[in-house]
Amino acid sequence: MHDLVITNARICDGLGSALRPGSLGVKDGRISALGEDVGSGRESFDAGGLVLAPGIVDTHTHYDAQITWDPSLNPSPALGVTTVVMGNCGFAIAPCRAADRDLTMRNLVRVEGMSLDAMHAGIQWRFESFPEYMDMIAESGVVPNLAAFVGHSAVRTYVLGDDAPRRQATVDEIAQMCAIVREAMDAGAIGFATSTSPSHNGASGEPMPSRLANDEELRALVGVLGEAERGIFMLTKGGGTSIPFLESLAAETSRPVMIAALLHNSTNPDGVFQELDQIRDARERGHKLYGQVSCCPLTMEFTLAAPYPLEGIAAWSPALTAAPGDLPGILADTGFRDSVEGDLSEPAPVRLFNGEWHKLRVLEVVKPENRCFEGHDVAELAAAEGKRPLDWMLDLALEENLRTTFVAVLLNSDDSAVAKLLTHPASAIALSDAGAHLSFFCDAGFGLHLLGYWVRERQVMSLEEGVRRLTSEPADIYGIRDRGRLSVGAHADLLLFDPQRVARGSSRRVFDLPAGAPRLTSDAIGVHGVWVNGTRVVDDNGVSSDGAGPGQRPGQLLREFAS
Ligand SMILES: [Zn+2]
């Protein structure tokens, strides 16, 4: 007898097969039967004709800090996600010496928009090494399944200390970093992650440590995966890192390379497609390169006190590195403003904000007399006063002590271009950044957005194909065994949803982080149940288990992967 039988479902197997009516049996956390009639179970559940699919596999998250205080990894499970991969871009919190904790947290404040108060109150530092960190997570348990990258910036900080964001590593230091990556791979890391992106800056405005690595350092660290004959190399790529260089790493190591973040930029509309075509060509030469794309427009809320979208502009650096007390003076300075304008007039392939002032709106003002600006774009408001948009925005922000909230629609806002990204043969769909940028946006519901918007409304792909792209495809690329599919013997990670309604709700601000810190979150629409390893973690109303009760942490810490 099965533990659980789900009847009256429309089965979408995650492998691309056509939907078919059927039932599914679960025993000991795995799928024990699949078909028209699977017999009886101790528990039975009528799916009411809804679609039963594998749970979503979210390969680009940043739950590294949150996992130490929140085993539920809220809000991902409620949004249909049953497996997450963290440590992306190399922003991990392990390994970490006690002396580097403060710097590690302050780096995450800037690069991932996490609250310092929340991290101070929330992070459990009961580890120093990566294996100790993994053991701590395994011991405390987790609601969804979880896999972790060993992160380059953490490893570099561990070996180079304060010099990590400042200089190249010596041969001896590279050898020490390789040893740590080897130890992490032995402890169950899913791979090695890094960033060379100029948007990624640390606490005091210095680059994140991984950005200081030269080709030799990257080659050595990725080489560890090659020697181990397992693990995926992921990076968020800056303009200085070429696809041919990454292909050479894939060729030398025979390891897959996941290249993020391939977003469409209207000011350089062909750039992302040229890179995807290069990736496709590399694939045709037998090298496993993938281009990570997003199905969401990149929208960010920010204030001028920490304007993430502007921090990748080279001329912004005096503001980036300023002490908070000096910042208003810099933002008021005409010379500073002129040089930022100068930079924006030069095209750059990998910048978040590219001077499209009509894509930048005033979201929330502080002073009542400024309320009339809310909802209007900066280009329009500046034109009305005969000012340059940059001057208008900075003047308003300074008048309100840098507390005005702006919202920028930065990249991926052209639907026809995004449709092309999603259907490109070299693309992999991810980039939720769940757990990060909490003050800027929430794309943890990217999978529901794909199914509701791109599949149902835009009909860019079939439902079966949309589900495949969110489940078996990522599981197979990352070597996550027996997940992302409905087949007998696979783990029972399940998502029940209504294809006529499925969507992600709009984002809203809540104050539920440690220390009452705020974050943006969003709710699921049309999700009627989520099961992890056969245990239900999201109910019919979309309410997710907080993992507090006994038996409510059914997720597995994944430590073994297919090579
Ligand atoms: Zn990331």
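Provided above is the structure to which this section pertains.
Residues numbered from 1 in each chain as written. Predicted model: local features only at pLDDT ≥ 70, side-chain atom pairs only at ≥ 80, totals over all residues. Heavy atoms only, no water.

**What to know about the packing of helix H15 (residues 446-457) against helix H16 (residues 463-470)**
Step number 1: It is at 10 Å that the axes of H15 and H16 come closest, and there the two elements cross at 160 degrees. By the angle between their directions, the pair H15 and H16 is classed as roughly antiparallel. The two elements H15 and H16 cross, and the hand of that crossing is right-handed. Taking contact as the criterion, the partners of Phe446, Gly447, Leu450, Leu451 and Val455 in H15 are, on H16, Leu463, Gly466, Val467 and Leu470. (Axes fitted to C-alpha atoms, helices over the stretch in contact; angles between N-to-C directions. Helix = DSSP H or I, 4+ residues; strand = E, 2+ residues; numbered from the N terminus. Parallel < 35°, antiparallel > 145°, perpendicular 65-115°, else oblique. Left-handed = near helix turned anticlockwise from the far one by under 90°. Contact = heavy atoms within 4.5 Å.)

**Thoughts on the coordination of the zinc ion**
Step number 1: Donor atoms from the polypeptide that bind the zinc ion are His60 (NE2), His62 (NE2), Cys89 (SG) and Asp433 (OD), placed at 2.1 to 2.6 Å.
Step number 2: Here the donor residues of the zinc ion are spaced in sequence according to H-x1-H-x26-C-x343-D. Linking cysteine 89 in the loop between strand S7 (81-86) and helix H1 (101-112) with aspartate 433 in the loop between strand S16 (427-429) and H15, this pair joins segments that are 344 residues apart in sequence.
Step number 3: Relative accessible area serves as the criterion here: at 3%, cysteine 89 is assigned to the buried category. (Donors = N, O, S within 2.8 Å, 3.2 Å for Na, K, Ca; no water. Buried < 20%, exposed > 50% of the residue type's maximum accessible area, 1.4 Å probe, protein only.)

**Points about the sheet that holds strand S14 (residues 360-364)**
Step number 1: Spatially, S13-S15-S14 is the arrangement adopted by the three strands of the open sheet, whose pairing is antiparallel. Strand pairing shows two members of the sheet lacking a second neighbour, strand S13 (298-302) and S14, which therefore form its edges. Taking each pair of neighbouring strands and ignoring which way they run, the sheet shows an average axis angle of 25 degrees.
Step number 2: Pairing geometry for S14 and strand S15 (residues 405-411), over four bridges, is antiparallel. (Pairing = 2+ DSSP bridges.)

**Some details on the packing of aromatic side chains**
Step number 1: Tallied over the entire structure, the rule returns eleven aromatic pairs.
Step number 2: Connected via pairs of aromatic rings, a cluster forms that spans Trp125, Phe127, Phe130 and Tyr133.
Step number 3: Cation over ring: arginine 97 sits above tyrosine 158, and NZ or CZ is 3.9 Å from the ring centre.
Step number 4: Lying over the aromatic face of phenylalanine 273, lysine 420 brings its terminal NZ or CZ to 4.1 Å of the ring centre. (Phe/Tyr/Trp six-rings, centres within 6.5 Å; stacked < 30°, edge-to-face > 60°. Lys NZ or Arg CZ within 6 Å of the ring centre and 35° of its normal.)

**Description of the sheet that holds strand S12 (residues 289-293)**
Step number 1: Read from one edge of the open sheet, eight strands run S6-S7-S8-S9-S10-S11-S12-S16, paired in parallel fashion. Every interior strand has two partners, whereas the edge strands, strand S6 (56-58) and S16, have only one. Along the sheet, successive strands turn relative to each other by an average axial angle of 25 degrees, direction set aside.
Step number 2: One ladder, built from three bridges, connects strand S8 (residues 145-151) with strand S9 (residues 191-195); its direction is parallel. Looking across to S9, one finds that phenylalanine 149 is bridged to glycine 191.
Step number 3: The sheet strands contacting helix H8 (residues 271-284) are strand S11 (257-262), S12 and S16, and the helix crosses S12 at an angle near 150 degrees.
Step number 4: Across the sheet, helix H14 (residues 415-423) lies against S11, S12 and S16, angled at about 100 degrees from S16, the strand it touches most.

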